[in-house]
Amino acid sequence: MNKQRIFSGIQPSGNLHLGNYLGAVKNWIKLQNDYDSIFCIVDLHAITVPQTPQELSKKIFEVAKLYLAAGIDPGKSIIFVQSRVNEHAELMWLLNTITKTSDLTKMTQFKDKSAKEANFESVSAGLLNYPILMAADILLYDTNLVPVGEDQLQHIELTRKLGRKFNQQFGETFVIPEEFIRKEGKRIMGLDNPLDKMSKSASSEYNRINLLDSPEIITKKIMKAITDSEQGIEYSDQKPALKNLLNIFSSITNLTPEKIASTYKDNGYKEFKEDLAEAVVDYLKPIQERYNKISDETVKKVLDNGAARARKLAQIKMKEVKKKMGMII
Ligand code: AMP
Ligand code: TRP
């Protein structure tokens, strides 16, 4: 029997952080054993906000190396860079034509990112059309399951909507995908603001723990993380900052947050944070060690091979899509 397929991606728009890892990559590592897996470095998405060319190529390489260091096995999974497979942009254009702008302007991510612009007229069309490109990524490979953090749910709902609409209009073509979101780690919040997700683009470095941060920096960031004004360790919505730290602790130890809270209930925040910092440092250490051993040559080979394999699959699907739409192929 054919295996089901998973597809997911990360933007090379900054440093990969603990939110990316616990929300997405950690699940990919497990799923790749049972699914036909494709993991993408979505550079075409990253350029929907300004990027410096030199910095972008560095980040693309860094994300690929981190995929490998985290345990994505190129023997099991396809790892590739989005812009090297032209069919993503091509399918996006076709899907553009069946997408309503009202479905794009209501996206939370679009609202958040466009709010940062001085006025609506200066928001790029790329930022608005971002979810159509994501739908193209997913639909192009007959994806069954998309393992992501919770913030991507709305985009996957749109992907389903576009897939169904295309199938209805032009005949059965696309597999309709489901999201794969795990309760633990689905939304890691910023260390400096527990009401907003940890993010590559947050202005303060104290918002996030990068996967490549040194033990000293990790410890400093956790010790400085805001905590709630009342003392006492408990897992509760009334204490969102502490709740977030307990969620992180839980995700990396596989103990429930309630169990961890009960272990520390008679301790102060300081002791709790020291132990959390130690646990995070130990958790990231093997990834960092592997990262430092992977050569640029290895990464290049993996990406060349991945692009060739992805391209093969994408070309077959695009032929079918164009034929269904009445284009001569
Ligand atoms: P991005 O950094 O936006 O490219 O996100 C890459 C992946 O990480 C997606 O699956 C996101 O849902 C996930 N992700 C990003 N930030 C977080 C977070 N703070 N908590 C959990 N998952 C996240
Ligand atoms: N939009 C996703 C994010 O920022 C990244 C992404 C692009 C993606 N294409 C995808 C995730 C396809 C899953 C599947 O997190």
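What you are looking at is a predicted structure, and each value in this text was computed from that prediction instead of being measured.

Engineer: Explain unusual backbone geometry to me, please; I cannot follow it from the model alone.
Structural biologist: Note: most peptide bonds trans; most residues except glycine with negative phi. Backbone geometry at aspartate 142 places phi at a positive 50°, although glycine is not the residue there. Relative to the helices and strands, aspartate 142 resides in the loop between α7 (125-139) and β4 (145-147). We classify aspartate 142 as partly exposed; its relative accessible area is 28%. A positive phi angle is found at asparagine 254, which is not glycine, with a value near 65°. Relative to the helices and strands, asparagine 254 resides in the loop between α10 (240-253) and α11 (257-264).

Engineer: Got a minute to help me understand the site of ligand 2 in this structure?
Structural biologist: The local shell around ligand 2 holds 13 residues, among which Gln11, Tyr130, Met134, Asp137 and Gln152 are the closest. Between an oxygen atom of ligand 2 and a side-chain N or O atom of glutamine 11, the distance comes to 2.9 Å. Residue aspartate 137 places a side-chain N or O atom 2.7 Å away from a nitrogen atom belonging to ligand 2. Computed on the free molecule, ligand 2 has an accessible area of 360 Å², of which 92% lies beneath the protein chains in the complex. Contributions of two or more residues to the shell around ligand 2 are made by β1 (5-10) and α7.

Engineer: Honestly, the pairing of β1 in this entry has me stumped. Any pointers?
Structural biologist: Looking down a regular strand, the side chains alternate between one sheet face and the other. Counting buried residues in β1 gives five out of six residues, a clear majority hidden from the surface. With respect to chirality, the unit in which β1 leads through helix α1 (residues 18-31) into the neighbouring parallel strand β2 (residues 36-41) is right-handed.

Engineer: How do you make sense of the side chain of aspartate 43 when you look at a structure like this?
Structural biologist: One can find aspartate 43 in helix α2 (residues 43-46). No salt bridge is formed by the buried aspartate 43; the nearest opposite charge belongs to arginine 84, separated by 8.3 Å. Separated by 2.5 Å, the side chains of aspartate 43 and serine 83 make a polar contact. Residues in contact with aspartate 43, not counting those within four places in the same chain, are Pro12, Ile60, Val81, Gln82 and Ser83.

Engineer: Could you clarify how one ought to interpret the site of ligand 1 in this entry?
Structural biologist: With respect to spatial proximity, 18 residues lie near ligand 1, and among them Asn20, Gly149, Asp151, Ile188 and Lys200 are the closest. Backbone polar atom of methionine 198 to a nitrogen atom of ligand 1: 3.0 Å apart, as the coordinates give it. Relative to its unbound accessible surface of 490 Å², ligand 1 loses 93% to contact with the protein. By residue number, the principal contributor to the shell around ligand 1 is α1, which donates four residues.

Engineer: Quick question: what am I supposed to make of the packing of helix α4 (residues 87-96) against helix α13 (residues 296-325) here?
Structural biologist: Packed helices, taken two at a time, are described by the angle between their axes plus the distance between the axes. Between α4 and α13, whose axes approach to 10 Å, the crossing angle comes to 25°. For the element pair α4 / α13, the angle class is roughly parallel. The hand of the α4/α13 crossing is left-handed. Counted together, Glu87, Glu90, Leu91 and Leu94 of α4 and Arg311, Ala314, Gln315, Met318, Val321, Lys322 and Met325 of α13 form the full contact between these two elements. Partitioned by chemical class, the residues of the contact of α4 with α13 number six nonpolar, one polar and four charged.

Engineer: Explain the environment of alanine 307 here, please?
Structural biologist: Structurally, alanine 307 is set in helix α13. Alanine 307 sits in the buried class, given a relative accessible area of 0%. Separated by 225 residues in the primary sequence, alanine 307 and glutamine 82 place their C-alpha atoms 8.2 Å from one another. Apart from residues no more than four positions distant in its own chain, alanine 307 is found in contact with Ile79, Phe80, Arg84 and Val85.

Engineer: Looking at this structure, I do not really get the packing of α1 against helix α12 (residues 269-293). What am I missing?
Structural biologist: At a minimum axis distance of 13 Å, the contact between α1 and α12 shows a crossing angle of 65°. The two elements α1 and α12 cross, and the hand of that crossing is left-handed. Contacts between α1 and α12 involve Leu18, Tyr21, Leu22 and Lys26 on the former and, on the latter, Val280, Tyr283, Leu284 and Ile287. Looking at side-chain class alone, the contact of α1 with α12 contains seven nonpolar, no polar and one charged residues.

Engineer: Would you mind going over the packing of aromatic side chains with me for this structure?
Structural biologist: The geometry of an aromatic ring pair is captured by two quantities: the separation of the ring centres and the angle between the planes. Per the counting criterion, the structure on display carries 12 aromatic pairs. Seen in terms of ring centroids, phenylalanine 7 and phenylalanine 80 are 6.5 Å apart; in terms of plane orientation they differ by 70°. Their pairing is edge-to-face. Note that phenylalanine 7 is positioned in strand β1 and phenylalanine 80 in strand β3 (residues 77-81), a separation of 73 residues in sequence. Between the aromatic rings of phenylalanine 7 and tyrosine 141, the centroid separation amounts to 5.4 Å while the plane-to-plane angle is 15°, which identifies the pairing as stacked. Residue phenylalanine 7 is located in strand β1, and its partner tyrosine 141 is located in the loop between α7 and β4; the two are separated by 134 residues in the primary sequence. The pair phenylalanine 7 / tyrosine 141 is uniform in exposure class, with both members buried.

Engineer: How should I be thinking about the domain arrangement of the chain in this particular structure?
Structural biologist: The figure often quoted for interface size is the accessible area lost as the parts come together. Assigned domains of the chain: these are domain 1 (5-181 + 296-325) and domain 2 (205-291). Look at where the C-alpha atoms of domain 1 and domain 2 centre, and you get two points 30 Å apart. Facing 12 residues of domain 1, the contacting portion of domain 2 comprises 15 residues. Carbon and sulfur atoms make up 70% of the surface buried where domain 1 meets domain 2, a total of about 1,300 Å² over both sides. Sorting the residues of domain 1 by area buried against domain 2 places Leu18, Tyr21 and Ala69 first, and these three jointly supply 39% of that buried surface. Of all elements in the fold, only α1 and α3 (53-70) reach the threshold of two or more residues within the side of domain 1 that touches domain 2. The biggest single contributor to the side of domain 1 that touches domain 2 is α3, with five residues. Each residue belonging to the side of domain 1 that touches domain 2 can be placed in one class, and the counts come to seven nonpolar, two polar and three charged.

What counts and how
Residues numbered from 1 in each chain as written. Chains lettered and ligands numbered in written order. Predicted model: local features only at pLDDT ≥ 70, side-chain atom pairs only at ≥ 80, totals over all residues. Heavy atoms only, no water. Helix = DSSP H or I, 4+ residues; strand = E, 2+ residues; numbered from the N terminus. Buried < 20%, exposed > 50% of the residue type's maximum accessible area, 1.4 Å probe, protein only. Near = heavy atom within 4 Å. Polar contact = N/O pair within 3.5 Å; in protein donor to acceptor, adjacent residues only side chain to side chain. Areas by Shrake-Rupley, 256 points an atom, 1.4 Å probe, with all protein chains shown as cover. Right-handed = clockwise from strand over helix to strand, strands pointing away. Lys, Arg positive; Asp, Glu negative; His and termini not counted. Salt bridge = Lys/Arg side-chain N within 4 Å of Asp/Glu carboxyl O. Contact = heavy atoms within 4.5 Å. Axes fitted to C-alpha atoms, helices over the stretch in contact; angles between N-to-C directions. Parallel < 35°, antiparallel > 145°, perpendicular 65-115°, else oblique. Left-handed = near helix turned anticlockwise from the far one by under 90°. Nonpolar A, V, L, I, M, F, W, Y, C, P; charged D, E, K, R; others polar. Phe/Tyr/Trp six-rings, centres within 6.5 Å; stacked < 30°, edge-to-face > 60°. Domains from an automatic or database assignment. Buried area = accessible area lost by both parts, 1.4 Å probe.

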